[in-house]
Amino acid sequence: MEITGQLLLTVLMGAFLLGVAAFLARVEDWRSYTPLGAGGGAVGESGYGHSEKPAGLIRWFTTVDHKDIGLLYGAYATVAFVVGGLMVMLMRAELTTPETAVLGSATFYNSLLTSHGITMLFLFGTPIIAAFSNYLIPLVIGADDMAFPRINAIAFWLLPPGALLIWAGFFPLPDVIPAQTAWTMYTPLSAGVGNGNQMNVGVDLMLLGLHLTGVSATMGAINFIATIFTERAEEVTWANLDIFSWTILTQSGLILFAFPLLGSALVMLLLDRNFATTFFAVEGGGPILWQHLFWFFGHPEVYILVLPPMGIVSYVLPRFSGRKLFGFKFVVYSTLAIGVLSFGVWAHHMFATGIDPRLRASFMAVSLAIAIPSAVKTFNWITTMWNGKLRLTTPMLFCIGFVSNFIIGGVTGVFLASIPVDLVLHDTYYVVGHFHYIVMGAITFAGMAGIYYWFPLVTGRWYQRRLAKAHFWLWMIGTNVTFFAMVLLGYGGMPRRYATYLPQFATLHQIASLGAFLLLVGGIIWIYNVAVSWIEGPRVQSGDPWRLDETDLNTAEWDWFEAKRETSLAATDGGEDVTADGGQEIEDDTAE
Amino acid sequence: MAEIFDRDTLLDLTVNVIPLGIILFFVAAFVLIDPFGGLDFYGRVLQMGLLAFPLVALAILTYVSGKAIAGDEKRSKVFFQGQATIEGSPEKHEVEEAIEAEAAGETDVEDPYGGDADEDESEVDPDADDNDDNDDESDVDADDESDESDESDADEDGEVDADEK
Ligand code: HEM
Ligand SMILES: [Cu+2]
């Protein structure tokens, strides 16, 4: 009985794969892409013969256009952001009471905690950055597309299966439970040792999913490095490369060194779990080995997440300050400095593990040194605004919010980098407050600044200004209420990662939940605004919707936008069908 | 090499010299004071290696990137960020010279963005066509983001462009 069931499944699977292959063969004319041995263009077919995009869904499944892929990344990140956000809302609801009265079980809380962290960092953070970089970098550096458009598409399409694997534990699958390892996946818990339930296949699936997203990020990074090195327009010398591209280049370098290491560590962990190796067993490499490997990846990862948002802010903030970025080259060099130094600080996450105090001190030294380049950037942003003609548009508000929150997040970080302080605050809510000021208050804020700033560029339409400002203020207040309460909780000694707590922490926890509720409302407004405005927002009336020309702050992507509008207007005026002309196709985004 | 690393470039690079200095400070402190003592040779190598590796890597990267950036500055035209591929944008030094001239009280300073940019606009500016196309919406965006500038225009000292390094 069981055998026939399996047989049936196998046959079905085979038939499905055949169907997929047939479908692909039909929609894609594989031969048109690589005229191997055709000996140049004599045959009349060029290498990347994309004359026209197919319509509808198939376009999105087959696209290799960097702008389409950027939008796919954006859509994906948005879905992940919603999922991760709803997860944390359940957690914050739970934390309104000292007992597990709301969710009913600490196990479920732990599952949400794990998934929230991993979803936000790997499925929202990295992809939302990739959305901006894919869409914009080729435009800004004057490249036709990414260096490897197909690898670009593959890198994206690895992400959805990654998400399904990471969330698999929450699906109604028999015998699969969600991982409860926290995002750091510390051994021995994550190795399934002991009497807990973490030997469950749900953890293996999550590790595999993470591995996929890591492969995706690495492919993307290689692509960006190649693109920025080789595809720049002639005028875009190293001296003329914009700050966003610099941060993406640095980020890609970090990914290239950090993610393969995570991949290897994940494989070792999977081997420990399933094939009885002893990499992280007490009798083998020891559980601390995992922490070293994880944080050697993990600390660069936080800068992988923060550098491009810093780039976005350095790019957008001057546009609404009426002047150019102050100390442009300081910002470039400090970006590179952060990139290098971030590989020398990993054990500041392990000060409390009992590693040799004499080595610990070296990590403290480098951790203090890395604060300098971050501070330099902050001063540059402030100086750019100083005496400038500020225009408090929504993207600008989010940029200012970024700077403000980044200062609090950075300062709390410097304190944590000091060993004696860290020994008191480690594993308390202070740490949670610290990094959320950065990941929510800074990274996500910069993402929103970018989304609002380039919304007209991508959609050709305006968002609703009032809703956007409401979104900003709800988030600015919500972020500070939530995460400052957490800083205070940490001072009080509230340990992190618990579903229950002592009654004396109740008030601050409830305040934090209130702030989170503001964040939820702001988020709903944001989604509504973007969705509705995309469909029926008023059309942008000029190629320079932010009126950057008035302050001589125009940049290449808006120049492209202006040219694109012109072509499409000319084409529509003539009453002709809008079709692709020589690689620069006229998007029908605006109509979607 | 000497020409590439001139005074301006060295000044730009100070930003990375400071973290290098902090690391060097700790190297000296650990050598001179040796606050914990008792490290064997292997431990010493680790302790110093953890400082030396970032130190050396940062020094190399700063040198290489400084050479690439300052070298390109010398070899080819320099524009402000994001403007290199825009037709008609002025070079950085033109803008800076104009600002300096203006600051020095010269009156007939030409706006380096002026000439070309305006020409561009007149060819490009599609507002007229726009109104034919979708006149129902044509006045909407005027009161959208664009009127926000009014909120904060109090400061009128017009000090634009001056500060990019
Ligand atoms: C200004 C420089 C920064 C310094 C000196 C710093 C320092 C630290 C230290 C020492 C810890 C460990 C605290 C502990 O667990 O006891 C920590 C945790 C953390 N930091 Fe930072 N930080 C800085 C900036 C950042 C940035 C920019 C990000 C994010 C992009 C970030 C994200 C995190 C995260 C995610 C954790 C917690 C990891 C975990 O245990 O789950 N930090 N930081
Ligand atoms: Cu760290």
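Residues numbered from 1 in each chain as written. Chains lettered and ligands numbered in written order. Predicted model: local features only at pLDDT ≥ 70, side-chain atom pairs only at ≥ 80, totals over all residues. Heavy atoms only, no water.

1. Describing the overall build of chain A
Of regular secondary structure, chain A possesses 17 helices and 0 strands. What you see for chain A is a C-alpha radius of gyration of 25 Å, in line with the 25 Å of a compact globule of 592 residues. Its C-alpha atoms give chain A principal-axis dimensions of about 75 × 70 × 45 Å. The buried share of chain A, taken over its 592 residues, is 59%. Of the accessible surface of chain A, which amounts to about 22500 Å², a share of 70% is contributed by carbon and sulfur atoms. Taken as two groups, the 28 positive and 41 negative side-chain charges of chain A have centres that lie 9 Å from each other. (Helix = DSSP H or I, 4+ residues; strand = E, 2+ residues; numbered from the N terminus. Rg over C-alpha atoms; globule rule 2.2 N^0.38 Å. Buried < 20%, exposed > 50% of the residue type's maximum accessible area, 1.4 Å probe, protein only. Areas by Shrake-Rupley, 256 points an atom, 1.4 Å probe, with all protein chains shown as cover. Lys, Arg positive; Asp, Glu negative; His and termini not counted. Charge placed at Lys NZ, Arg CZ, Asp CG, Glu CD.)

2. Quick look at the overall build of chain B
Summing up its helical and strand segments, chain B has 5 helices and 0 strands in all. Relative to its full complement of 165 residues, chain B shows a buried share of 38%. Taking the contacts inside chain B whose residues are at least 6 apart along the sequence as the reference set, 56% of them involve residues at least 24 apart. With the model as given, the accessible surface of chain B reaches about 9500 Å², and the carbon-plus-sulfur share is 56%. (Contact = heavy atoms within 4.5 Å.)

3. Some words on the site of ligand 1
Residue and element names in this part refer to chain A. In the neighbourhood of ligand 1, 21 residues make up the surrounding shell, with V302, D422, H426, H434 and R496 lying closest. Contacts to ligand 1 include H426, whose side-chain N or O atom sits 2.6 Å from an oxygen atom. Between ligand 1 and the protein, one listed contact pairs a nitrogen atom with a side-chain N or O atom of H434 at 2.9 Å. Contributing elements (two or more residues each) for the shell around ligand 1: α9 (287-316), α12 (394-417) and α14 (429-459). The residue inventory of the shell around ligand 1, partitioned by class, reads 12 nonpolar, 7 polar and 2 charged. (Near = heavy atom within 4 Å. Polar contact = N/O pair within 3.5 Å; in protein donor to acceptor, adjacent residues only side chain to side chain. Nonpolar A, V, L, I, M, F, W, Y, C, P; charged D, E, K, R; others polar.)

4. Describing the pattern of salt bridges
A side chain of one charge can pair with a side chain of the opposite charge if their charged atoms are brought near each other. All names here are of chain A. If you walk through the whole model with that rule in mind, you get 10 salt bridges over all chains. A salt bridge links D68 to R59; the shortest N-O distance between them is 2.7 Å. For the pair formed by D68 and R59, the shared burial category is buried. Put simply, D427 and R497 hold a salt bridge, and the shortest N to O gap is 3.6 Å. (Salt bridge = Lys/Arg side-chain N within 4 Å of Asp/Glu carboxyl O.)

5. Quick notes on the packing of helix α4 (residues 106-140) of chain A against α9 of chain A
All names here are of chain A. As a packed pair, α4 and α9 sit with axes 11 Å apart at the nearest point and diverge in direction by 45°. Comparing their axes, α9 and α4 come out oblique. Handedness of the α4/α9 crossing: left-handed. Between α4, through L121, F122, G125, T126, I129, F132 and V140, and α9, the contact on the second element is made entirely by F297, E301, I304, L305, P308, P309, I312 and Y315. A per-class count over the contact of α4 with α9 returns 12 nonpolar, 2 polar and 1 charged. (Axes fitted to C-alpha atoms, helices over the stretch in contact; angles between N-to-C directions. Parallel < 35°, antiparallel > 145°, perpendicular 65-115°, else oblique. Left-handed = near helix turned anticlockwise from the far one by under 90°.)

6. Details of the coordination of the copper ion (ligand 2)
Residue and element names in this part refer to chain A. The protein atoms donating to the copper ion (ligand 2) are H299 (ND1), H348 (NE2) and H349 (NE2), with metal-donor distances spanning 1.8 to 2.0 Å. Mapping the donors of the copper ion (ligand 2) onto the primary sequence gives the spacing H-x48-H-H. Between the two metals, the copper ion (ligand 2) and the iron atom of ligand 1, the spacing is 4.5 Å. Looking at H349, the relative accessible area reads 22%, which means it is partly exposed. (Donors = N, O, S within 2.8 Å, 3.2 Å for Na, K, Ca; no water.)

7. A short note on α9 of chain A
Taking 1.5 Å as the rise per residue, α9 of chain A with 30 residues should run 44 Å; its terminal C-alpha atoms sit 44 Å apart, in good agreement. The largest bend along α9 of chain A measures about 30° and falls at W295 of chain A. (Expected span 1.5 Å × (residues − 1). Bend = angle between axes of the 7 residues up to and from the residue.)

8. Considerations on the nonpolar core
All names here are of chain A. Of all hydrophobic cores here, the largest spans 196 residues; its most connected members are F122, W246, W381, F402 and W454. At 20 residues, the largest contribution of residues to this core is made by α14. Excluding residues within four positions of it along the chain, F122 makes contact with P127, W183, L210, T213, F259, L262, F297 and E301. (Core = buried A, V, L, I, M, F, W, Y, C linked by side-chain atoms within 4.5 Å.)

9. Quick notes on the packing of aromatic side chains
For the coordinates displayed, the defined rule picks out 50 aromatic pairs over all chains. When the ring of W290 of chain A is compared with that of F294 of chain A, the centres are 5.9 Å apart and the planes differ by 25°; the resulting orientation is stacked. Taken as a pair, W290 of chain A and F294 of chain A lie in helix α9 at a separation of 4 residues, close to a single helical turn. Take W290 of chain A and F294 of chain A: they sit in the same class, and that class is buried. The cationic tip of K324 of chain A hangs over the ring face of F80 of chain B; the distance from NZ or CZ to the ring centre is 4.1 Å. (Phe/Tyr/Trp six-rings, centres within 6.5 Å; stacked < 30°, edge-to-face > 60°. Lys NZ or Arg CZ within 6 Å of the ring centre and 35° of its normal.)

10. Regarding the confidence of the model for chain B
Residue and element names in this part refer to chain B. Averaged over chain B, the pLDDT score is 69; the fraction of residues at 70 or greater is 67%. The least confident element of chain B, judged by mean pLDDT, is helix α5 (residues 127-133) at 34; the most confident is helix α2 (residues 41-75) at 90. Segment residues 115-165 is flagged for pLDDT under 50; beyond a separation of four residues in sequence, or across chains, it makes 100 contacts in the model. (pLDDT = per-residue confidence, 0-100.)

11. So, the coordination of the iron atom of ligand 1
From the protein, the iron atom of ligand 1 takes a single donor atom, H434 of chain A (NE2), 2.2 Å away. Here H434 of chain A lies in helix α14.

12. A word on helix α3 (residues 66-94) of chain A
Residues and elements named next belong to chain A. The end-to-end C-alpha separation of α3 is 42 Å, in line with the 42 Å expected for 29 residues at 1.5 Å each. Of all 29 residues making up α3, 21 are buried, and the element is well covered by its neighbours. Capping of α3 at its N-terminal end is provided by D65; its side-chain oxygen lies 2.7 Å from the backbone amide nitrogen of K67.

13. Section: the side chain of T62 of chain A
Looking at the secondary structure, you find T62 of chain A in helix α2 (residues 56-62). Among the polar contacts made by the side chain of T62 of chain A, one reaches the main-chain carbonyl oxygen of I58 of chain A at a distance of 2.7 Å.

14. Quick notes on the environment of V236 of chain A
By the secondary structure assignment, V236 of chain A is in the loop between α7 (201-230) and α8 (243-275). The buried category is assigned to V236 of chain A, whose relative accessible area is 4%. C-alpha separation for the pair V236 of chain A and I141 of chain A, spaced 95 residues apart in sequence, amounts to 6.3 Å. Excluding anything up to four places from it in sequence, V236 of chain A contacts I141 and L241 of chain A together with A84 and T85 of chain B.

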